[in-house]
Amino acid sequence: MEQILQDFFKGDTRALSRVITRVENRSADSLEILRQLFPHTGSSQIIGVTGSPGSGKSTLVDRLAVAYRKKGKKLGIVAVDPSSPFTGGAILGDRIRMQTLGVDPGIYIRSMATRGHLGGLSGATADVVTVLDAAGKNPIIVETVGVGQDEIDIVKLAEVSIVVLVPGMGDDIQALKAGIMEIGDIFVINKCDRPGVDKMERAVLTMLSLTHREDGWQPPIVRTVATQGEGIDELLETVDCSYLYFQNSPARTQRKQEAERQRIITLLEERLVNTAVEQVFPDGEFNNVIAEIAERRKDPYTVVEQIVRNSRFQRLNIS
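Residues numbered from 1 in each chain as written. Predicted model: local features only at pLDDT ≥ 70, side-chain atom pairs only at ≥ 80, totals over all residues. Heavy atoms only, no water.

1. Comments concerning the pairing of strand E6 (residues 186-189)
Phase 1 of the analysis: Taking every second residue as pointing to the same face, both faces of E6 are buried, with Ile186 and Val188 on one and Phe187 and Ile189 on the other.
Phase 2 of the analysis: Two elements, strand E5 (residues 160-165) and E6, share four bridges in a ladder whose sense is parallel. Bridge pairing in E6 places isoleucine 162 opposite isoleucine 186.
Phase 3 of the analysis: As defined by bridge partners, E6 adjoins strand E7 (residues 221-223) across three bridges and the pair is classed as parallel. (Buried < 20%, exposed > 50% of the residue type's maximum accessible area, 1.4 Å probe, protein only. Helix = DSSP H or I, 4+ residues; strand = E, 2+ residues; numbered from the N terminus. Pairing = 2+ DSSP bridges.)

Next comes the structure, spelled out in structure tokens:
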């Protein structure tokens, strides 16, 4: 592990990939890796891109990446894809769309599977962003899976959240959903060469006029045609303006603190559940219990009660 981290801090791409793989798979040394990387984080701009399937998120991210490279930025892209129902892995659709970026050494693309996690992100996405941050990638663009109305986890991770909408696909109704409206710092109406753009923009403006944000930010609307590169420069300027605004926003600072609180709770839940199961059912006995439940020789409620009753946790010491 020490050799991998030495190569990692030298900028070795293969070491970066190996570290991300260990963190994503929750290997035995993943927590120690994250501990050593965490002091080197906090300087990267994190941009979230979300929206409904077919809205052109991947193409938009592709064009944004090219624009950032023209400015000399070395960036990371985390593309969260749907999980395979058989292997649990990512389908890699986003990486296929961004394959032209793969030959650029200044851009690192990582596809991740949701692995059944709701909210549009993988459970390990925040940790992968931490690794990319420590590797000096700035900005880091996180594209959510595109599952619909539940993609709200990105607001806990990103410093600027972009919601991508498309005219003529019912997104004018989708814009009325409270969750989508609350997470958007910037609204992008993509594929503006289609009819219905004005209607889409009026719907978004109407909803924005009815909402009140504690941070005082009025989300701008940017029109783009990502396939043609139209509106990308304007979007880039809007992202920079919003990032500067949120840097000094007390409301955004509080939101980041709440996000870190949730991250600790999520990590605790993962560790405590695994520890409890290992204590009560060592040496793979848990698989035998699962088989007995499937055969209706045991019920899951009794098993859970047994785990809670028999597990023992030491007092947590943080120094």
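Once you've had a look at it, read on.
2. Overview of the side chain of glutamine 45
Phase 1 of the analysis: Summarising the element assignment, glutamine 45 is placed in the loop between helix H3 (30-37) and strand E1 (46-51).
Phase 2 of the analysis: Other than its neighbours up to four places away in sequence, glutamine 45 contacts Tyr68, Asn138, Pro139, Ile140, Glu159, Val239, Asp240 and Tyr243. (Contact = heavy atoms within 4.5 Å.)

3. Describing the nonpolar core
Phase 1 of the analysis: In terms of nonpolar packing, the biggest core is built from 41 residues, with Phe8, Val19, Leu37, Val78, Val131, Leu132 and Val142 touching the most fellow members.
Phase 2 of the analysis: Not counting residues within four places of it along the chain, the set of residues in contact with leucine 132 comprises Leu16, Ile20, Gly76, Val78, Tyr108, Lys137 and Ile140.
Phase 3 of the analysis: Counting residues in each nonpolar core, the second largest holds 28 residues, with Leu64, Ile141, Ile162 and Ile232 among its members. (Core = buried A, V, L, I, M, F, W, Y, C linked by side-chain atoms within 4.5 Å.)

4. A word on the packing of aromatic side chains
Phase 1 of the analysis: One pass over the full model with this rule turns up five aromatic pairs.
Phase 2 of the analysis: Feature note: the residues Trp217, Tyr245 and Phe246 constitute an aromatic cluster, connected by ring pairs. (Phe/Tyr/Trp six-rings, centres within 6.5 Å; stacked < 30°, edge-to-face > 60°.)

5. Section: the pattern of salt bridges
Phase 1 of the analysis: Tallied over the entire structure, the rule returns 17 salt bridges.
Phase 2 of the analysis: We note a salt bridge from lysine 71 to aspartate 240, for which the minimum N-O separation is 3.5 Å. One end of the pair, lysine 71, is in the loop between helix H4 (57-70) and strand E2 (75-81); the other, aspartate 240, is in helix H11 (residues 232-247), with 169 residues separating them in the sequence.
Phase 3 of the analysis: The class for aspartate 240 is partly exposed, based on a relative accessible area of 27%.
Phase 4 of the analysis: Two residues, arginine 263 and aspartate 127, come together in a salt bridge whose shortest N-O distance is 2.8 Å. Highlighted residues: arginine 263 in helix H12 (residues 250-280) and aspartate 127 in helix H6 (residues 125-134), separated in sequence by 136 residues.
Phase 5 of the analysis: In this structure aspartate 127 comes out as buried when scored by relative accessible area, which is 5%. (Salt bridge = Lys/Arg side-chain N within 4 Å of Asp/Glu carboxyl O.)

6. Comments concerning the confidence of the model for the protein chain
Phase 1 of the analysis: Taken as a whole, the protein chain shows an average pLDDT of 81; of its residues, 81% reach a score of 70 or greater.
Phase 2 of the analysis: Confidence, expressed as mean pLDDT per element, reaches its minimum in the protein chain at helix H5 (residues 93-97) with 53 and its maximum at E7 with 95.
Phase 3 of the analysis: Under a pLDDT of 50 for its full length, residues 116-120 has, in the predicted model, 15 contacts with residues more than four places off or in other chains.
Phase 4 of the analysis: Segment residues 314-319: pLDDT under 50, and zero contacts once partners within four positions in sequence are set aside and those in other chains are kept. (pLDDT = per-residue confidence, 0-100.)

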